[in-house]
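Below, each chain spelled out in residue letters.
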Amino acid sequence: MLEGAGLQVKGSEKIGLVGRNGAGKTTLLRIMAGEEDLDRGQVIVPKNVQVGTLSQITFSDLDRTVHEALLEVFEPLKQLERDMEALTRVLETDPSEANLEKFDRLQTEYQAKGGYEYEKELKTVFHHFGFSEEDLDRKLLEFSSGQRTRIGLVKLLLSKPDVLLLDEPTNHLDIGSIEWLEGYVKRYPGAVIIVSHDRMFLDHVVDEIAEIEFGKVRIWPGSYTQFVKAKEDWLEKNHDAYMRQQEQIRNMEALIEKFRYKKNKAAFAQSKIKQLDRMERIEDSKSDRSRMKARFTSARPGGKRVLETDHLQAGYESVLADATFTLMKGERLGIVGP
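Caption draft 1: Just the packing of aromatic side chains, in detail. With the rule as written, the count across this model stands at 11 aromatic pairs. These aromatic residues form a ring-pair network of at least three members: F129, W180, Y184 and Y188. A cation over a ring is seen here: R218 above W234, with NZ or CZ 4.2 Å from the ring centre.

Structure follows, in C-alpha cells:
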C-alpha cells in the first residue's frame, strides 16, 4: 500500500520507478495518468501538460489498417493540411494580403509541428519495432495481441505526450528494438517515467531512480547500478548513525535518572530532558529483503544428454529456423534473434 508517497516530475527528466512486486509501481503510474483515484492526497498536473500511457491507447476498430490507426495521432496536422488546401483554392480567386498572411501562418505552424516529416517518422518508429512497411497496409485484426501491443506502443511514442509513462516497455521486444528504444527515450524531449525489471535498460536511459519501499517513495540520483551502491552505502551509514544516537540517548537517560531527584542537580536533569525531547530521532535503516524460499528436487536423476535435435525446423508458411544441437546436463543455452 502506498501511504504518503510523493514524486515530482520536472522538464525532461528520465525516471526509473523501481520496487518489489506489489509495491505499487503500476498503481502509481495509473494514479499519475488519472486512471485510478486517490484515497488521500493530490496529483497536480498543469492544464497544458499531456500525460500519456499505453493503457490509454485502444484500437476500437480492428478492421482498419495499421496505417489508418497510427495516423490518428497526427489528426491536428491532417486538419492543418485540409485548411491549407482549402485556403490554396481561395487564393486562386482572392490572393489578398490577409489570405496570404493566413496561409503563411498555417504553413509556419505546419512546418514547426513536423508536418513535412510525420509520415517518415511514422514509418521509422514502426520499422524499429520489428515491422515491415508492408505491415502498415494490413488490418489490425491480422496481428496477434502481442503485436497489437507493440503497435500501441508505436502509437504512444508518436503521440509525444509531455510526460510519457512506460510500464515494462521492453516486454515483447527483441534486442534490436530495445537498443533503438533506449536511444529514443534518452532523446525524448519530454519527461519519461519507466517501470522496468530490465536493469540494463534502466542503466542506459534514466537520470534518477524513484524507489517505492514500505509505501514511501525515495529519490536516488543516477542510474540503477549507482542506486544499488548508493542505497547500500546509505543503509550502512544510517545504521551506524542510529546506533551512535541510541548510545547517546541511553547515556542521557542514565544521567537524568541519576540526578532528577537531587535538588542541586534537578535543573541539570531538566535540561537533559528538554534536550532529549528536541532531539530528531534517527530511524534505523531497513530494506525489504524478503525472498521466496523454495527447494525443488527431481523424482529421479536425469541423464547427461538433456536434449538433442537433428534439423529441428520451426516456421509457418516457410522455415524460419533449422536447428541441430545437443544440450548437456548443466549447460545454459540462450536463444536470440528478431
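Caption draft 2: Quick peek at unusual backbone geometry. The backbone of K160 shows a phi angle near 50 degrees, a positive value even though the residue is not glycine. If you trace the backbone, K160 turns up in the loop between α6 (145–159) and β3 (163–167). Classification of K160 by relative accessible area gives partly exposed; the value is 36%. At H172, a residue that is not glycine, the phi angle is positive and equals roughly 70 degrees. Relative to the assigned elements, H172 resides in the loop between β3 and α7 (175–187). Owing to a relative accessible area of 57%, H172 belongs among the exposed residues under this scheme.

Caption draft 3: Fine view of the confidence of the model for the protein. Confidence in the prediction for the protein averages 88 pLDDT; 98% of positions are at 70 or higher. No element of the protein has a lower mean pLDDT than helix α10 (residues 266–278), which averages 85, and none a higher one than helix α8 (residues 199–205), which averages 95.

Caption draft 4: Fine view of the nonpolar core. F129, I151, L157 and I194 are the most contacted members of the largest nonpolar core, which has 50 residues in total. It is α6 that provides the largest number of residues to this core, a total of 6 residues. If we ignore the near neighbours within four places in the chain, the residues touching I194 are I15, G16, L17, L166, P169, V185, F201, L202, V205 and V206. Membership of the second largest hydrophobic core comes to 16 residues, among which are V163, A191, V195 and A210.

About the thresholds
Residues numbered from 1 in each chain as written. Predicted model: local features only at pLDDT ≥ 70, side-chain atom pairs only at ≥ 80, totals over all residues. Heavy atoms only, no water. Phe/Tyr/Trp six-rings, centres within 6.5 Å; stacked < 30°, edge-to-face > 60°. Lys NZ or Arg CZ within 6 Å of the ring centre and 35° of its normal. Helix = DSSP H or I, 4+ residues; strand = E, 2+ residues; numbered from the N terminus. Buried < 20%, exposed > 50% of the residue type's maximum accessible area, 1.4 Å probe, protein only. pLDDT = per-residue confidence, 0-100. Core = buried A, V, L, I, M, F, W, Y, C linked by side-chain atoms within 4.5 Å. Contact = heavy atoms within 4.5 Å.

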